[in-house]
Amino acid sequence: MDARTRKQVIVWLASGCVLIFLMVVVGGITRLTGSGLSMVTWKPVTGVIPPLSEGAWQQAFEEYKQYPEFKIRNFDFTLDDFKSIYWWEFIHRLLGRLIGVVFLIPFLYFVFRKKLSRDWILKLLWLFALGGFQGAVGWFMVASGLQNDPHVSHYRLAAHLLTALLAFSVTFWFMLDVSQGDKRANKSSGLKKASIWLLALIGVQIFYGALVAGLKAGRVFNTWPKMGDQWVPDAVTAMQPLWHNFLEGLAGVQFIHRYVAYAVVGVVVWLWVKSRKTDAGLLRKRFDLLLMVVGFQFVLGVMTLLLSVPVWLGVLHQLGAFMLLATHLYVLHGQRTTAVAST
């Protein structure tokens, strides 16, 4: 693509990244304020318009009353209480639709003006499909809380968050690809291979963060560095079979999330030390940034735990995970487009 088209595509993809970032922010607030089950129907087209009259609000409230969250948990809600949780979920879904529009319209423009190569068209179609899948996973998650138990499945919550971050990661990576043009490193390096393993470890940590959120496991053992007065409390292995503790148990899930955090920090520090031996100054600066972000995120995690997950800290901690992922992708892409040699 020519220079002008490249700039346009960069702005377009960057806009998508920002919107996904905002959607994750609002999604975190929606979850932590208990707003996620306030909209009990999925209307892809007409759902873009909120209730505009008192009668429409009352109808939406009556629909909500038919489901377990109202009957079991929020049975004392007034219409004003319902409105307070409805708006967060509405904004969350509206952002999802906006992302689709922001992607589709410029994409059609670039295609019809023949500004994209066939390879890029196929890549972006795959990205569009990924965004649609993420939306479907979101409704699949909400539907799990509209049955007998007014809690969404923590597995589906994790899937919803991971698909959102995957959509962001692919969009961000494509944006970096466009900005770098055709630059490629001549060979892989040990630093790059280790960085790929770190990416997988960050993925595991984000997955367990979602499990902690879905199970509200951050509200048990609000001490650090020990869990209560033990490093490994009995509750971590209380369930049978043993593996069940690490997917369903509050203590077990929090335990894994804590110790994978230590592993992430340790690997980042190790990679930062290794990066000092390269001759690529820009890459060293990227590792400096990664070290700062992981340190900030670790402190946020400890504070969130000690304060029993207040909404503002819970959202900030989730955003920290988002920024850590983005920063590491930036570092990893830098190794893909910069020849790295040891000094």
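Every chain is numbered on its own, with residues counted from 1 as its sequence reads. Selection of residues for local features in this predicted model requires a pLDDT of at least 70, selection of side-chain atom pairs for listing and counting requires 80 or more, and totals for whole chains, interfaces and linings are taken over all residues. Derived side-chain values reflect all non-hydrogen atoms in the structure, with water molecules and hydrogen atoms excluded from consideration.

1. Regarding the packing of aromatic side chains
For Phe, Tyr and Trp, rings pair up if their centres lie within 6.5 Å, where Trp contributes its six-membered ring, and each pair is then called stacked (planes under 30 degrees apart), edge-to-face (over 60) or tilted (otherwise). Considering all chains together, one arrives at 25 aromatic pairs under this definition. Here F21 and F322 contribute two aromatic rings whose centre-to-centre distance is 5.1 Å and whose plane-to-plane angle is 75°, an arrangement assigned as edge-to-face. On the criterion of sequence distance, the pair formed by F21 in helix α1 (residues 3-32) and F322 in helix α10 (residues 311-336) is long-range, its members being 301 residues apart. To sort residues, take the accessible area from a 1.4 Å probe on protein chains only and compare it with the maximum for the residue type: under 20% means buried, over 50% means exposed, and anything in between is partly exposed. Relative accessible area serves as the criterion here: at 24%, F21 is assigned to the partly exposed category. Between W57 and F82, the ring centres sit 6.3 Å apart and the planes meet at 85°, which makes this aromatic pair edge-to-face. Here the residue W57 occupies a position in helix α2 (residues 54-65), and F82 occupies one in helix α4 (residues 79-112), the gap between them amounting to 25 residues. Here F82 falls in the buried class, since its relative accessible area comes to 0%. Following the ring pairs from residue to residue traces out a cluster consisting of W57, F61, Y64, F70, F82, Y86, W87 and F90. Note on geometry: a ring has a charge over it if NZ (lysine) or CZ (arginine) is within 6 Å of the ring centre and within 35 degrees of the ring normal. When the ring centre of F140 is taken as reference, the NZ or CZ atom of R156 above it lies at 3.6 Å. Against the face of Y330 rests R286, its NZ or CZ located 3.8 Å from the ring centre. Comment: elements are numbered from the N terminus, with helices defined as DSSP H or I runs of at least four residues and strands as E runs of at least two.

2. Details of the confidence of the model for the chain
pLDDT measures the predictor's confidence residue by residue and takes values from 0 up to 100. Of the residues in the chain, 96% reach a pLDDT of 70 or more, and the chain-wide mean stands at 89. Mean pLDDT values over the elements of the chain span from 88, in helix α5 (residues 118-144), up to 96, in helix α8 (residues 250-275).

3. So, α4
Working note: α-helix, 3.6 residues per turn, so residues spaced by three or four point in the same direction. Its 34 residues give α4 an end-to-end C-alpha distance of 48 Å, which sits within 8% of 50 Å, the value for a rise of 1.5 Å per residue. We define the bend at each residue as the angle formed by axes fitted to the 7 residues ending at it and the 7 residues starting at it. The largest bend in α4 is about 25°, located at Y86. Looking one or two residues past α4, K114 carries a phi angle of roughly 55°, positive in sign. One less than the residue count of a helix, multiplied by 1.5 Å, gives the span that helix is expected to have.

4. Points about the nonpolar core
Across soluble globular proteins, nonpolar side chains show a tendency to be buried alongside one another. For the purposes of this section, nonpolar cores are sets of buried Ala, Val, Leu, Ile, Met, Phe, Trp, Tyr and Cys residues that join through side-chain atoms within 4.5 Å. With 67 residues, the main nonpolar core has W12, L13, L124, F172 and V264 as its most contacted residues. Mapped by element, the contributors of at least two residues to this core are α1, α4, α5, α6 (154-180), α7 (190-215), α8, α9 (281-306) and α10. Among the elements that take part in this core, α6 stands out by supplying 13 residues, more than any other. By definition, residues are in contact when any of their heavy atoms lie within 4.5 Å. Residues within four places of V264 in sequence aside, it is in contact with L198, L201, I202, Q205, V294 and L324. Among the nonpolar cores identified, the runner-up in size contains 18 residues, and L37, V142, L146 and A213 belong to it.

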